[in-house]
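Below, each chain spelled out in residue letters.
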Amino acid sequence: MASNEIVSWGNEKIEWSDDLLLQAEQDDEDHREMFALMNRVFSAARLGADVVTSAVADLCLFTREHFTREQHSMESAGYPDCEAHRYDHEYLIFQLDVLIDRLMLSGPELVAEELVDLLKRWLCDHILTYDSAFVEFLRERGRGREVA
Ligand SMILES: [Fe+2]
Ligand SMILES: [Fe+2]
């Protein structure tokens, strides 16, 4: 699967890597914004459960919006792997929702490791496999979808 080294993180920060760029303007912009929101989650960790919960909720909201945009693009393009891609989105949202519930119950310390694992999967696997395959499909069909 995708390299786990493409993104680096310490305890509180995930570094963006240009290796994640898909050269598709809207996707790249959204993915960068998600990095910013994820890093807000990490920096909120010191400030207590309420701040973390709010930061995770923001991440979740933006992620849903991004997924809706992508799904709309896939449907409009008649993308044949749309359902599998959508399923992965739903699974990721489900995992984020579960984490928010656990955050409320247990506090940020106990879910930090799981959050990092989820973000790793999200960043390294989803963007580089599902999103990348869709952008490639658009390119092959010569549609470009407002590519920068
Ligand atoms: Fe996606
Ligand atoms: Fe995406």
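Residues numbered from 1 in each chain as written. Chains lettered and ligands numbered in written order. Predicted model: local features only at pLDDT ≥ 70, side-chain atom pairs only at ≥ 80, totals over all residues. Heavy atoms only, no water.

A. Here's a closer look at empty space enclosed by the protein. Per the counting criterion, the structure on display carries one cavity of 30 Å³ or more. Put simply, the largest cavity is a space of about 40 Å³. Forming the boundary of the largest cavity are Met38, Leu59, Thr63, Leu96, Leu118, Leu119 and Trp122. Secondary structure elements with two or more residues in the lining of the largest cavity: α2 (49–77) and α4 (108–140). A total of three residues in the lining of the largest cavity trace back to one element, the largest contributor, which is α4. Class assignment of the residues belonging to the lining of the largest cavity gives a composition of six nonpolar, one polar and no charged. (1 Å grid on protein atoms, 1.4 Å probe; cavity = no way out; pocket = protein on both sides within 12 Å on 5 of 7 lines; lining within 4 Å. Points joined across faces, edges and corners; volume = space filled by probe spheres on them. Helix = DSSP H or I, 4+ residues; strand = E, 2+ residues; numbered from the N terminus. Nonpolar A, V, L, I, M, F, W, Y, C, P; charged D, E, K, R; others polar.)

B. Representation of the coordination of the iron ion (ligand 1) within the structure. Bound to the iron ion (ligand 1) are the protein donor atoms Glu70 (OE), His85 (NE2), His89 (NE2), His126 (NE2) and Asp131 (OD), situated 2.0 to 2.2 Å from the metal. Between consecutive donor residues of the iron ion (ligand 1), the sequence gaps follow E-x14-H-x3-H-x36-H-x4-D. In this structure, the iron ion (ligand 1) is positioned 3.6 Å from the iron ion (ligand 2), and both are ligated by Glu70. With His89 in helix α3 (residues 82–106) and Asp131 in helix α4, this residue pair connects regions lying 42 residues apart in the sequence. Here the two residues His89 and Asp131 agree in accessibility, since each one is buried. (Donors = N, O, S within 2.8 Å, 3.2 Å for Na, K, Ca; no water. Buried < 20%, exposed > 50% of the residue type's maximum accessible area, 1.4 Å probe, protein only.)

C. The arrangement of the confidence of the model for the chain in detail. Put simply, the chain has an average pLDDT of 81, and 82% of its residues get 70 or more. Within the chain, the element-level pLDDT minimum falls on strand β1 (residues 8–9), averaging 52, and the maximum on α2, averaging 89. Low pLDDT (under 50) marks residues 1–5, which in the prediction has eight contacts with non-local residues, meaning those over four places away or in another chain. (pLDDT = per-residue confidence, 0-100. Contact = heavy atoms within 4.5 Å.)

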